[in-house]
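Topology and contacts: notes
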Amino acid sequence: MKYVICVPDGCADEPVPELGGRTPLEAAAMPSLAGLAARGEVGRAAVIPPRMAPGSDVGNMSILGYDPARYHTGRAPIEAAALGLRLRPDQVAFRCNLVDIGADGTMLDFAGGHPRTDDAAVVIKALDAALGAGAGGEVEFHPGVQYRHIVVAPADWADAVCTPPHDLTGRPAMLPRGPAAPRLIELMDASREIVGASGLGASQVWLWGQGHQPALPSFREATGRSGALVTAVDLIRGLGVLTGMEIVEVPGATGWFDTDYEGKRDAALRTLAEGADVFLLHVEATDEAGHAGDLGEKVKALEAWDSRILTGLVEGLDELGPWRLLLLPDHPTPVALRTHTSDPVPYLLVDSERDGPGGTYSEPATADAVPVPGHEMLGRLLSR
Ligand SMILES: [Zn+2]
């Protein structure tokens, strides 16, 4: 039996007036998805546990079968894992954004002018040399991607309440609070001289999302099966590293509207043919369209899922033998709100050998279903 988990990131939405009150999932032409839903089972999954932030880290941890309420320690340690960093028990990882804060203390740009990765790395290395391990300091600066970097600090630095900078855009930059806050603020202030002189559109670093190394049992230990995944997103790559899944590289996977849908589909089929039991196929484009408030791109990304992934995926899986498929997003990203919500999402479960009750894969069609805790969905996929 082969198992596929399809994650159209943030695809769930809300009724949109421009679509005549339909959601993008209802409006998009998705004949393959409709066919799968007609022979499968649809319902709702609570991928974001109560009182947790609706981030992709939380939602995808649920989808991989780990209860975030039990295992999630923060966003930064997952991204640190994607960079190949392993935290010691006496260490904590922070997400370190390059940000632009105005003279009046307003958060102007949480992405520090979207620097190129190479240019940003020069600045992060300079920070490490002046303020971090390179200068005998307590912290390590590790370059990541574009404006997204990691600081590793002593464990007691974790004792602070930090605000994600993307929640502060256009508002006063709310500094960390709590026992460790003075050290965080001191480091953020000290970064201004180097970051400000860098010529990037950033004025300093911003620390947030901290956590210690999460104690996740491996995917094989947890499920008895081998797992692999494809994604362009650091957080999901990090979850793969932390759970010992194989990370499959697809050169054209961009995390954007232009991603190589067919390349991801073929990587899934090839990896399963080579022996993997479970494959998670993640595409970010639907989420980016939601954040951009771009209804047209969201519908287009959904239609690409259907014609460029699902159609060929099902044909390829049929050639491999019996299969089961789970499709669900990690959270909604409604185009009208341009951010994530915590609402349960529709799920689709299909078994190639057993027809389910059938249904329609959309938010309204599943609105009355009792939500299943998100981390139980993997068990439902694998149990048979
Ligand atoms: Zn997401």
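Above this text is the structure in question.
Since the model is a prediction, treat every value here as computed from it, not as a measurement.

A closer look at the sheet that holds strand β8 (residues 227-230)
Read from one edge of the open sheet, eight strands run β9-β8-β10-β1-β11-β12-β2-β13, paired in mixed fashion. Of all the strands in the sheet, the pair left with one neighbour each is β9 (246-247) and β13 (372-373). Bridge analysis of β8 against β9 gives two bridges, and the strand direction is parallel. Its bridge partner being in β9, L229 is matched across the sheet by I247. Against the sheet, helix α11 (residues 261-273) touches β1 (2-8), β8, β9 and β10 (278-283), its axis set at about 170 degrees to β10.

Looking at the coordination of the zinc ion
The coordination sphere of the zinc ion, as far as protein atoms go, consists of D9 (OD), D9 (OD), S56 (OG), D330 (OD) and H331 (NE2), spread over 1.9 to 2.6 Å. Within one chain, the residues serving as donors to the zinc ion are arranged as D-x46-S-x273-D-H. With D9 in the loop between β1 and α1 (24-27) and D330 in the loop between β11 (323-327) and β12 (345-351), this pair connects stretches of sequence that are 321 residues apart. We note that D9, like D330, is buried.

Digging into the side chain of D351
The topology assignment puts D351 in strand β12. What makes D351 buried here is its relative accessible area of 6%. For D351, the side chain forms a polar contact with the side chain of R324, separated by 2.7 Å. For D351, the side chain forms a polar contact with the main-chain nitrogen of R354, separated by 3.4 Å.

Some words on the packing of aromatic side chains
Summed over the entire model, instances satisfying the criterion amount to three aromatic pairs. Judged by centre distance (5.9 Å) and plane angle (80 degrees), the ring pair of F110 and Y147 falls under edge-to-face. A residue pair is termed long-range when its members are at least 10 positions apart, and F110 in the loop between β4 (107-109) and α6 (117-131) and Y147 in the loop between β5 (140-145) and β6 (148-154) qualify at 37 residues. For F110, a relative accessible area of 25% puts it in the partly exposed group. Note that R148 overlies the ring of Y147, its terminal NZ or CZ placed 5.4 Å from the centroid.

About the cut-offs
- Residues numbered from 1 in each chain as written.
- Predicted model: local features only at pLDDT ≥ 70, side-chain atom pairs only at ≥ 80, totals over all residues.
- Heavy atoms only, no water.
- Pairing = 2+ DSSP bridges.
- Helix = DSSP H or I, 4+ residues; strand = E, 2+ residues; numbered from the N terminus.
- Contact = heavy atoms within 4.5 Å.
- Axes fitted to C-alpha atoms, helices over the stretch in contact; angles between N-to-C directions.
- Donors = N, O, S within 2.8 Å, 3.2 Å for Na, K, Ca; no water.
- Buried < 20%, exposed > 50% of the residue type's maximum accessible area, 1.4 Å probe, protein only.
- Polar contact = N/O pair within 3.5 Å; in protein donor to acceptor, adjacent residues only side chain to side chain.
- Phe/Tyr/Trp six-rings, centres within 6.5 Å; stacked < 30°, edge-to-face > 60°.
- Lys NZ or Arg CZ within 6 Å of the ring centre and 35° of its normal.

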